[in-house]
Each structure stands twice: as C-alpha cells, then as structure tokens.
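Residue-level listing of the chains:
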Amino acid sequence: MAIDFEIPEHLLQQAQMAKFLAESTMRPFSRELDENEHQRPTAFIEQMWPFMKELSKQAIKQAQKQLSGESSETSNGGGKPKRERHDNLGLMLMVEILSWGDAGIYLCVPWGGLGGAAIQAVGTPEQKIRFLSRFAEGDEPAWGAMAITEPGAGSDNSSIATTAVFDEETNEWVLNGEKIFITNGKLALEESNGLVVVWATVDKNAGRAGIKSFIVEAGTPGVSIGKVEKKHGIRASDTVSIVFNNARIPADNILGSPEVQKPGNKGFKGAMATFDASRPFVAASAIGIGRAALEFVKEKLTEEGIEIPYGAPRHKLTALQRDVLEMERQLKAAYLLTLRSIVMLDQGTPNPLEASMAKVKAGRAVTWITQKAVEILGPMGYTREWLVEKWMRDGKINDIYEGTGQINTLIVARRILGYTRRELA
Amino acid sequence: MVSFTPTEDQQLLIDTIRRFATNDMRNVAHDADETSEPPVDVVHTGWQLGLIPTAIPEELGGFGEMSAVTGVLAAEEMAFGDLAIAMHILTPALFAYPVVLYGTAKQREQLLPLFLEEDFAPATAAFLEPAVLFDPNELKTTFTADGDSFVINGVKGFVPLAEEAKYILVYARDAESGRTEAFIVERETEGLSIVAREKLMGLNALPNYRVKFDNVKLPASAKLGGPVGIDYEVLTARSRTALAAMAVGVARASYEYARDYAKQRVQFGKPIAQNQSIAFMLAEMAIEIDAVRLMVWEAAWKLDKGEDASKEAYLAKTYADEMVLQVTDNGVQILGGYGFIREYPAERWLRNGRGFANFEGLAMV
C-alpha cells in the first residue's frame, strides 16, 4: 500500500462514456424535464437499461456462486493474489458524471436502487436471485425503491409506525401504514415490475429492535401510490407516498431474521449499513452538480475576460476570483472525502464515519457552490435560460436526503467522541 | 490504484515522530514559547531522527530518497508536537532540498555532506519579506548580474536561525526578466547583516531574523543550479504543500486536546461534549482537518509523480490557512476560560495557527 490518487485507466474510459451519455441524453432535456415535472426521461432510460442490466447480472452471478457453495470471498483463496476491486469507485465516477449531466434524470436510472442495495447487503442468496433478476433480464426496465420515511418518522426512524403483522394461517406478512418521500416509488410499483423495500415494525414496544425491512413487489394488492410530490428541484425524478392497506406479502419477503431479540440480528443493522454504502454516492451526486456549476461559471467568466489566477496572493484577488477559488476548494475537499469513503467500501473497510463526513461536506458544498454560482453570474444567473438556477435547486436535496447534514454531523460527532446515541442525543 | 494507506516504512516513521512529539516536544513546548529559547536538547533529538538525511538520495550520499508524500506525513506529525520546534528541526531542509533538486554537481558535492552530520546543520533560507503586500511572484529583493558575479539587494524577514547559520539560501528576483532565482550565501559575506530578531505573535521558540542584503556581491558559482537555475514554481508548490501539512498538524493538536477536554469537563451534570453545540463543533473540526489532509496528500502525490502540482498546492495551502485558524479558535473556545490561559496549550496553537496565512517559504518537502 501507498498513498495514491491514480484512478485506473479503464474507469476513466468508462467515465468518458458516461460523459458522452450525459451530454447526449441528459443536458439537452434538462430544462424540458424540469419545466414538465413528472415527465419521464425516456432517452436516458433507454440508453441506460442495457448497461444497468449488466451490473445487476453480476450481482446475481455472485449470489448463484454463493448458493452453489462457492463464496465469492473464498474463491480468491489458494495463494492467488486477491484482485483489486473498483466496483464502487467506478460507480462513484459514473454517479458524479451523470449528476453533472442532470441530477434529476440520473435518479431515474433503471436499477434496484436503494432497495436493490439493501437486498444485496442483507438478503439471502435465494432472495437475491428471486428479487434482483428483474433488474437483470427482460426488455422492459425495472426500478427498485426504499421506503423508510413516514409523516412522523424522518431521521428518527425508530418511531416508524407502519406495522407488519404475521398471519400464520396464510404464512404472510400483512403491512399497514403510509410511507412518504419515496424516490422512484411510482416507477417501481406502477410503471414497471419493480419492488420497494419497506421498513415496518413487528413490535412497537421493541423500538429499533422491532423494525424490519420487507420486500413489496409491484402488483401487490393493498399497495397504492398516494401523493406525487411537487419539488424544489430534481423534478425529473418523481417522489411519492405509498399507502399500505392490509397489503399481504409472502413470509420470506422479510430481509434478515423476523425475530425481535436475536443476537447478531442483521435486519435493522444491515439496513442501516446500506446507508454507509449509499451516502458516499449521494455525496458523489452532489459533487457532480457542484462541478457542473463551477465549470459553467468559469466558462462564462472566461468569456468576460476574467481568469482565475491560481497562485496569486490575497491582495491580487478580486472578491469574485476569491469566491471562485473557494468554490474549487470546497469541491475538492468534498471530492476527496468522498473518494476516501468509496475506496474504503471497495476495500471492505467499515466506513460509517467517513461516509457521514463525506455526506456532510458534499451536501453543504454543493448547496453553497450552486448558490454562489447563481450570484456570480448576475442577472443572467437568475434566468431559466441557463441551467445554473436549476442546479442550485437540484443541489439542495443532497444536504437533505439519506440523512440531513445535521443528522450526519451527529453521526460524525458520536463516532469521534465514542458516544452512543443515548449519550449524545 | 487509489489508496489512503501509507507504506509500512512511512507508518513506522509516523509512529516514531508521534512518540517524539508526545514525549519530547510537548514537554518543552510551553517553556520554550514563554522564554523564546529553543529547546536545544529536543532539537538535537529531533535532528537525530534523520528526517533530512533520509530525504537525500543515496546517489548523492544520503540515506533515502526525496518523497513529498513522506515529507508531508512527517511534517504533520512534527507540527502536531509543536510548530516552532518542528520548523526549527526542519529549517535545514529549506536549504538542503533545493540543493538536492536543482544544485549543480559541484554544489551538491560541496554542500550536502553538511546535512549528513551528527549535529544540526546550520543552514536556512531567506524568502519572506517584511511587507504588507507580499507576493512570492514579485519579490522585492533583487539580483543583478555584474560581469561574472551577482549583486543582491533587499531586506528579508522571518529568516529562521539566520544568526547561527553558516549558509543562507536567498531568493531574489531579476528586476529585468522577472525571473526568481536562489543564491547560496555564506553568513559572513560582506553586506549581509542581521537587523534584529523578529518579535512575533507566535513561533516564539524559533528565532527568526530580519536580514539585510546591501550590495552583497556573489561569485557566479553561488547561483543555485548554475545557468539553468531553479524551477521556482515547483519550489513554491513544495513549500505550500509542506506548510499546509504543518497546518493540519497544528489543527489536529488543538482538535484532539479540545475533544478530550470536552469529554471530561462536566457542567450541568454531564460532560460538555454531550451537548450538540460542542459535539458539532468537534465534528466540524474533524471533517475539515481530514479534508485538508487529503488535499495535502494529493498535492504531494502529484509532486512525487513529477507533475505540475501548483494548483493543488495553492488550493491546499489557502484552504489550510483558513482551516487551521477556525479549528484552533474552536479549540480555545471549547476550553472556555482555560483556553485563554497560557498554562494550557490551546492559545499557543491559536497563535501559531494564525500565522499560516502570513507564511510562505517556511517549510519544504
């Protein structure tokens, strides 16, 4: 090992392809899809589906190997050097570039999404094959989603009120409750043969230990899409509520163990661990938007004859140049923190602290950078003729979803101080 | 392949310096600051760690190789101990590293053995100038060619250990071409005079001097690198990267102290760290320190690859300038009244940290 920032060549090539995709299937539709909320980015989805299918196929192949007793971990044994893995690094670069293209459209990428990630993290091999196949086969794209938030349960997901009751007669779980703010919920349940991973309590008195996650497939009776939200930004991506009214799902649609008190219960912890894996990608998306705004600002300033004098002392910088330099610093800091948390994922090193650090930094950085970008460009920055104002609206979500900047700061604080959630509430 | 793990050798070095920082530097830092006297024994021990000899390549008689990455790892740990003592121990590098990088064969042969001795090498560099509007690209100290020799005029400030130095590397600008070059000047050269020891806000344990160059006449052989000269931009980047690394070290010292203090200081029946207002300050400090460290590493990594790292070094340094001030100020704030008392180290870290925005050329990797 040595300190190294070299991105492997094949990932750079892959990123180059993603950039082409962003320029051809995202940017040209950015404004239209922002103005016509709830419209689908069909060109992008068509282009991405074959590629995403391949990614999902690999996940299923691994599950099949696990089933046949040939675990992906041990197959590297026998003295053979362990191959370096860059799955997450490659994905990070993709997410960044696609968000550079358009963050709202990027969210419509047809795959298992957060729901798929949870299944992959804690599902049995059988579950992985049974549920993830839809993202790997067929002509029609499919989406996965994750349903955690409720009107009364945001960051405090231990107060989830959606219930799951086991019906022994039919060997089914019965779900009741309402979930809100679900990215791609409509695409998953109404517009494709997708699925949603739903967090519900099997025992309200048990608190967090009672919370389990369940896989609800499209077409399940008793499941309906409620409100389709109208949002500040990322309007190309639909955010919906889902109502569960005696929705019945098979017994083995539960992720992890159904038991409330079981040592080593992977259910809640496993689902929480998917955040450690997903937060760096929210940060990566934030960085993509921030980079788009910074590049655009520099381009426009160059047209006005203003260059950024790297290396100049303070007294030789205009206020405006100083702002642009600060945008660059914030973006770089956020990028490097994110890169670190992603590399840890690839190495299999636990990264909850680093993931939250990256999320805090990137969420705040993109918010500030895009707001500055609008300001710097004067009256034109405020027009809808340009995309800067949209990037500002899009960027803000990264400081909110997958845990607000504040809740992630709290996680960082607990980690560095060695406090439990009770000691530092 | 992207990795944030130092090599085994580097980790060994980090651990060694951390022990030295904790056991030796920290013990004397307060008194050295109060008396403005360098802690001679600790400086000697620090010199014996061999940081500079191991950065001099074997083919030049040294014991290792130049590595900016290793350099920033060491610089952070040294500054974590105490900035003034760290800068003292590393002052000879201000002279040695440019000679390694750009010296002619004769200059290397003649000068580098000085840095391989048991005893502290009496060499330094004069870079900063006592001006409000200091610009490294427009040094006011000039050199002019006079036949076969050079004449240097100007005033330098913040020259560490100039009084005791045998050699001073002086940066000066060609008034006509605008090119900046470095000159090897012996302390006893005619026209070179020490004006006074600088009285500073911090860094008290490191004697810094104002040095005047009044028609200092030098032979052609004094110009570092001969006719080719130096790559000033690279040296600037190396210096900025090193300073940013030291800023990370100072910030980390303050952060760790405040974190530990906040966990044991009880008010209203619980440790103050259990208040979000304090806990969030600490979280913020931790995030910013890590961010700047990564920026420093990236710049150092680029330097080692021989790529242009000017932009990365500039961004890292300017970010570090702000970060170290914020973090050390928070460090004082979290200690409350104790933060203001000189018996505790927090205020010293704030005074030392405040300087980074004003420093250039005081460190080198």
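To be clear, the structure that these remarks concern was listed above.
Since we're looking at a predicted model, the values are computed, not measured. (Residues numbered from 1 in each chain as written. Chains lettered and ligands numbered in written order. Predicted model: local features only at pLDDT ≥ 70, side-chain atom pairs only at ≥ 80, totals over all residues. Heavy atoms only, no water.)

Colleague: I'm lost on the overall build of chain B in this one. Help?
Modeller: Within chain B one finds nine helices and nine strands. The C-alpha atoms of chain B give a radius of gyration of 20 Å, which matches the 21 Å a tight globule of 365 residues would have. Taken along the three principal axes of its C-alpha coordinates, chain B extends 80 × 45 × 35 Å. Here chain B holds 365 residues, and 61% of them are scored as buried. Across chain B, the fraction of contacts at a sequence separation of at least 24, relative to all contacts at a separation of at least 6, is 75%. A distance of 4 Å separates the average location of the 33 positive side-chain charges in chain B from that of its 52 negative side-chain charges. (Helix = DSSP H or I, 4+ residues; strand = E, 2+ residues; numbered from the N terminus. Rg over C-alpha atoms; globule rule 2.2 N^0.38 Å. Buried < 20%, exposed > 50% of the residue type's maximum accessible area, 1.4 Å probe, protein only. Contact = heavy atoms within 4.5 Å. Lys, Arg positive; Asp, Glu negative; His and termini not counted. Charge placed at Lys NZ, Arg CZ, Asp CG, Glu CD.)

Colleague: Would you mind going over the overall build of chain A with me for this structure?
Modeller: Helix and strand counts for chain A come out as 13 helices and eight strands. Here the C-alpha radius of gyration of chain A, 22 Å, is about what a compact globule of 425 residues would show, namely 22 Å. Counting only residues that meet the buried cut, chain A has 56% of its 425 residues in that class. Put simply, of all contacts in chain A between residues at least 6 apart along the chain, 76% involve residues at least 24 apart. Total accessible area computed for chain A in this model is approximately 18200 Å², and 52% of it derives from carbon and sulfur atoms. The centroid of the 50 positive side-chain charges in chain A is displaced by 5 Å from the centroid of its 53 negative side-chain charges. (Areas by Shrake-Rupley, 256 points an atom, 1.4 Å probe, with all protein chains shown as cover.)

Colleague: It is not clear to me how a negative patch on the surface should be interpreted in this structure. Could you clarify?
Modeller: Residue and element names in this part refer to chain B. Together, Glu58, Glu59, Glu65 and Asp304 make up a negatively charged patch on the protein surface. Residue placement: Glu58 occurs in the loop between helix H2 (40-48) and helix H3 (68-81). A residue is classified by how much of its surface remains accessible, and Glu58, at 59% relative accessible area, is exposed. (Patch = residues over 30% accessible without salt bridge, like charges linked within 9 Å, V, L, I, M, F, W, Y side chains within 5 Å. Salt bridge = Lys/Arg side-chain N within 4 Å of Asp/Glu carboxyl O.)

Colleague: Any chance you could explain the nonpolar core here in plain terms?
Modeller: Soluble globular proteins tend to bury their nonpolar side chains together. Formed by 200 residues in total, the largest nonpolar core has its most connected members in Leu339(A), Phe115(B), Tyr171(B), Met246(B) and Leu282(B). The contacts of Met246(B), once residues within four sequence positions are left out, are Ala75(B), Ala79(B), Leu83(B), Ala86(B), Met87(B), Leu90(B), Phe356(B) and Ala363(B). Membership of the second largest hydrophobic core comes to 26 residues, among which are Trp143(A), Ala164(A), Leu189(A) and Ile249(A). (Core = buried A, V, L, I, M, F, W, Y, C linked by side-chain atoms within 4.5 Å.)

Colleague: How do you make sense of the interface of chain A and chain B when you look at a structure like this?
Modeller: Buried accessible area, meaning the area lost when the parts come together, often serves as the stated size of an interface. Facing 48 residues of chain A, the contacting portion of chain B comprises 48 residues. With both sides pooled, the region where chain A packs onto chain B buries about 4500 Å², and carbon together with sulfur makes up 64% of that total. On the chain A side of the interface with chain B, the three residues burying the most area are Ile3(A), Phe5(A) and Arg329(A), jointly 17% of the side's total. Summed over the shared surface of chain A and chain B, the number is eight salt bridges. Asp135(B) is the salt-bridge partner of Lys316(A), the closest N and O atoms lying 2.5 Å from each other. Our count for the chain A to chain B interface comes out at 23 residue pairs in polar contact (both at pLDDT 80 or more). Every element with two or more residues in the side of chain A that touches chain B is listed here: helix H9 (319-347), helix H10 (352-376) and helix H13 (405-417) of chain A. (Buried area = accessible area lost by both parts, 1.4 Å probe. Polar contact = N/O pair within 3.5 Å; in protein donor to acceptor, adjacent residues only side chain to side chain.)

Colleague: I'm lost on unusual backbone geometry in this one. Help?
Modeller: Trans peptide bonds make up the majority, and among non-glycine residues the majority have a negative phi. You will see that Asn171(A), though not glycine, has its phi angle at about 60°, which is positive. Of note, Asn171(A) is situated in the loop between strand E2 (163-167) and strand E3 (172-183). For Asn171(A), a relative accessible area of 44% puts it in the partly exposed group. Residue Asn215(B) is not a glycine yet carries a positive backbone phi of 50°.

Colleague: I keep staring at the environment of Gly81(B) and nothing clicks. Help me out?
Modeller: Residue and element names in this part refer to chain B. With respect to the secondary-structure elements, Gly81 resides in helix H3. On the basis of relative accessibility, which here comes to 0%, the residue Gly81 falls in the buried class. Between the alpha carbons of Gly81 and Thr54 there is a distance of 20 Å; along the sequence they are 27 residues apart.

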